[in-house]
Amino acid sequence: MKRLVISMKIAFATDDGKTISAHFGKASHYLVVSIENGQPIQRELRDKPAHSHSSNEPHSLHVTGQPHGFDPASQDRHNRMIDPIHDCEVMISRGMGRGAYASLLSAGLRPIVTDILEIDQAATAFIKGEIVDHTEKLH
């Protein structure tokens, strides 16, 4: 049974405020859409820390013994990226790593990997309960 969303905030990973970024970590912004009574009522473009790897941060199984994205340095980067959307319930992107997906879940957000490009179309699909989480696209 499809469930209509009544009230919440949805964050979309984006570079232009109109389309959903192909990769959560590389997106420059979030577009936060506030939903009330099943309708989008407000949009707010927020800066998003980029996913970057400095030379002193480990980034591989060989260095840390943990899968990519799950080592402490990666988890710290993910938490910095998630901080600007701590007031949201959902974060939608068109791609992300397994570690980022797990970090979003740990932070209390519902991550969704969609194949929908346009933010407006994805928001409508989410509100109607028709959006599909394509976890097979996680890397």
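These notes cover the structure that comes with them.

Definitions and cut-offs
Residues numbered from 1 in each chain as written. Predicted model: local features only at pLDDT ≥ 70, side-chain atom pairs only at ≥ 80, totals over all residues. Heavy atoms only, no water. Axes fitted to C-alpha atoms, helices over the stretch in contact; angles between N-to-C directions. Helix = DSSP H or I, 4+ residues; strand = E, 2+ residues; numbered from the N terminus. Parallel < 35°, antiparallel > 145°, perpendicular 65-115°, else oblique. Left-handed = near helix turned anticlockwise from the far one by under 90°. Contact = heavy atoms within 4.5 Å. Nonpolar A, V, L, I, M, F, W, Y, C, P; charged D, E, K, R; others polar. Buried < 20%, exposed > 50% of the residue type's maximum accessible area, 1.4 Å probe, protein only. Polar contact = N/O pair within 3.5 Å; in protein donor to acceptor, adjacent residues only side chain to side chain. Pairing = 2+ DSSP bridges.

This part takes up the packing of helix 2 (residues 72–82) against helix 3 (residues 98–106). At their nearest, the axes of helix 2 and helix 3 sit 9 Å apart, and the two run at 55° to each other. As the angle between them shows, helix 2 and helix 3 are arranged oblique. Where helix 2 crosses over helix 3, the handedness of that crossing is right-handed. On the side of helix 2, the interface is formed by Gln75, His78 and Ile82, while helix 3 contributes Gly99, Ala100, Ser103 and Leu104. For the contact of helix 2 with helix 3, the residue count by class is 3 nonpolar, 4 polar and no charged.

Within the sequence span of helix 2, burial applies to Ala73, Ser74, Arg77, His78, Met81 and Ile82. Of the surrounding elements, those touching the buried residues of helix 2 are strand 2 (29–36) and helix 3. Measuring from the backbone nitrogen of Ala73 back to the side-chain oxygen at the start of helix 2 gives 3.2 Å, which picks out Asp71 as the cap.

Moving on, we get to the environment of Ile116. Within the secondary structure, Ile116 is located in the loop between strand 5 (110–113) and helix 4 (119–127). For the pair Ile116 and Ser93, spaced 23 residues apart in the sequence, the C-alpha separation amounts to 9.0 Å. Apart from residues lying up to four places away in sequence, Ile116 is in contact with Ile20, Arg94, Gln121, Ala122, Ala125 and Ile131.

The next subject is the side chain of Arg46. By the element assignment, Arg46 lies in strand 3 (residues 39–47). Side chain to side chain, Arg46 and Asp87 meet in a polar contact 2.8 Å long. Each residue touching Arg46, except ones within four places of it in the same chain, is listed here: Lys9, His29, Tyr30, Val32, Pro84, Ile85, Asp87 and Cys88.

The strand order 3-2-1-4-5 describes an open sheet built from 5 strands, whose pairing is mixed. The open sheet terminates on both sides in strands that have one partner only, identified here as strand 3 and strand 5. Mean inter-strand twist for the sheet, computed between neighbouring axes without regard to direction, equals 20°. Sheet analysis places strand 4 (residues 90–93) next to strand 5, joined by 4 bridges and oriented parallel. Bridged to Ile92 within strand 5 is Ile112. Of the strands in this sheet, strand 1 (7–14), strand 2, strand 3, strand 4 and strand 5 are in contact with helix 4, which crosses strand 1 at around 145°.

Take the environment of Leu105 next. Note that Leu105 resides in helix 3. Leu105 sits 14 residues away from Met91 along the chain, and the two C-alpha atoms are 9.9 Å apart.

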